[in-house]
Structures are given as structure tokens and as C-alpha cells.
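In case you want the letters, here they are:
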Amino acid sequence: MAESLQKTIGKGVLFDSTGNVFIKIVGLAVIFLILQRFSAYEYGLLELALAVTAMLSIFLLPGLNDMVVADMGILRGKNDIAGMKHIFWNFFKLQVVCSVMAWFIVFFGAHVLSEFSGSNIVLYLRIASFTFLLGPFRTLFT
């Protein structure tokens, strides 16, 4: 028997809210670690590294996600579960390929960027580059 609409919405809101609270707690912990460990110069380098990864987040195809969900919803209405799975897994594979490309560009291009900036930002960029590899899995769970 199908769940009621209110129960389904309640579960979705609970799941989303719990995830948001968890993200805020982790973010707060990271802020305290940064403030305790880094000087102002190091913090500036870290922010620069994170800005580079934010600029290249276009590789994670953010606008395509809503369209994929809408297409899957249409197929769900037609009870085409196989079509939903096909769209979902193809989108996931596309995101994996794009995120590996972005990781490759940032990880191996970090040294080139540090040559132009004259700072030692290579380590920060290489660490931040691994966030690209987590992007498809985040989409998979959400």
C-alpha cells in the first residue's frame, strides 16, 4: 500500500533537514580548525584554492540535475522504472567522467598555477581537488 502524501513529505523534510544540520555542524568544526591552525596568509591561500574549485564546479553539471530529476519524474508517472534507471545511471556516469576531468585539471594544474602566483598553493589545491571526486556520489545520494 502506498504511503500517504503527508508521510512521504514528512520523511523527505526530515531527511533534508538532518542533512543540512549535519553539514552546518561539520562546517562549524572546520571553521574552528582553520582559525586555530592557520595564519592570515595561509587562510588567504586556502580561500584562493577553494575559489578555484568553486569556479570549476561547472564540471559537476549543476543545472542538469534538475532536468534529470524532472525526466525521471515523468518516467515514474508512466511506471517506466527501467527508463528511470537508465537516465539515472547515464547521468551518474557522465558526472563521474566530468568530475575526474576536473580533478585531473586541478590536481595536475596546481603546480602551473603556483608558478604564476608565486605562492605555495599547490598542496591546498591538490587537497581541494578531491572534492570533485565526491560530487557524483553526493548527487547519487541526494
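Here the structure is shown first, and the text comes after it.
This write-up is about the structure you can find in this document. (Residues numbered from 1 in each chain as written. Predicted model: local features only at pLDDT ≥ 70, side-chain atom pairs only at ≥ 80, totals over all residues. Heavy atoms only, no water.)

Some thoughts on the nonpolar core
Working step 1: Among the nonpolar cores identified, the biggest contains 15 residues, and Ala49, Ile121, Tyr124, Leu125 and Phe132 are the most heavily contacted of them.
Working step 2: Contributions of two or more residues to this core are made by helix H2 (40–55), helix H4 (81–117) and helix H5 (122–141).
Working step 3: The element that contributes the greatest number of residues to this core is H4, accounting for 5 residues.
Working step 4: In this view, Tyr124 contacts Phe38, Glu42, Leu45, Leu46 and Ala49; residues no more than four positions away in its chain are not counted.
Working step 5: Counting 5 residues, the second-largest nonpolar core is a separate cluster that includes Val68, Met72, Met84 and Phe91. (Core = buried A, V, L, I, M, F, W, Y, C linked by side-chain atoms within 4.5 Å. Buried < 20%, exposed > 50% of the residue type's maximum accessible area, 1.4 Å probe, protein only. Helix = DSSP H or I, 4+ residues; strand = E, 2+ residues; numbered from the N terminus. Contact = heavy atoms within 4.5 Å.)

Some words on the packing of aromatic side chains
Working step 1: Counted according to the given criterion, the structure contains 9 aromatic pairs.
Working step 2: Measuring from centroid to centroid gives 5.7 Å for Trp89 and Phe92, while their planes differ by 85 degrees, and the two rings are edge-to-face. Highlighted residues: Trp89 and Phe92, both in helix H4, separated by 3 residues, approximately one helical turn.
Working step 3: Ring centres 5.7 Å apart and planes at 70 degrees place the aromatic pair Phe107 and Phe130 in the edge-to-face group. Of the two residues, Phe107 sits in helix H4 while Phe130 sits in helix H5, which places them 23 residues apart along the sequence.
Working step 4: Among the aromatic residues, ring-to-ring pairing joins Trp103, Phe104, Phe107, Phe108 and Phe130 into one connected group.
Working step 5: When the ring centre of Phe107 is taken as reference, the NZ or CZ atom of Arg126 above it lies at 4.9 Å. (Phe/Tyr/Trp six-rings, centres within 6.5 Å; stacked < 30°, edge-to-face > 60°. Lys NZ or Arg CZ within 6 Å of the ring centre and 35° of its normal.)

Purely geometric numbers; function is a separate question.
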